[in-house]
Amino acid sequence: MNIVDIIAGTLLLAAAILTSYRALAGPNTLDRMIAIDTLIAVSMAGLAVWAAYSGDTTIVPAIVALSLVGFLGSASVTRFRVSDDE
């Protein structure tokens, strides 16, 4: 099971690096918002992998809190977004 945890962590790290690049190089705010939302999802998956690896269930409230922050952030940016000047 340790090999699966290492592979999952490595793939999540690669996803976080690629998504960070998209967040920094995004041509408009919607690309950046989607990248930040994806980073939140990747961090939630990383916490879940860590919880499975360590057997620690106290991380679950942090995953729930991150999901709520991600949803509220996406909803508020979508609601109050100003269109980009192109």
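Residues numbered from 1 in each chain as written. Predicted model: local features only at pLDDT ≥ 70, side-chain atom pairs only at ≥ 80, totals over all residues. Heavy atoms only, no water.

- As annotated in an unreviewed UniProt entry, the chain is Monovalent cation/H+ antiporter complex subunit F from Antrihabitans spumae.
- According to its UniProt record, the chain has this under Subcellular location (unreviewed entry): "Cell membrane". (UniProt positions renumbered as here; feature names shortened; annotations may be inferred.)

### As for the overall build of the chain
And then number 1: A tally of helices and strands in the chain yields three helices and zero strands.
And then number 2: For the chain, the α and β elements follow one another from N to C terminus as α-α-α.
And then number 3: Whereas a compact globule of 86 residues would reach a radius of gyration of roughly 12 Å, the chain reaches 15 Å, over 25% beyond that.
And then number 4: Among the 86 residues that make up the chain, the fraction classed as buried is 17%. (Helix = DSSP H or I, 4+ residues; strand = E, 2+ residues; numbered from the N terminus. Rg over C-alpha atoms; globule rule 2.2 N^0.38 Å. Buried < 20%, exposed > 50% of the residue type's maximum accessible area, 1.4 Å probe, protein only.)

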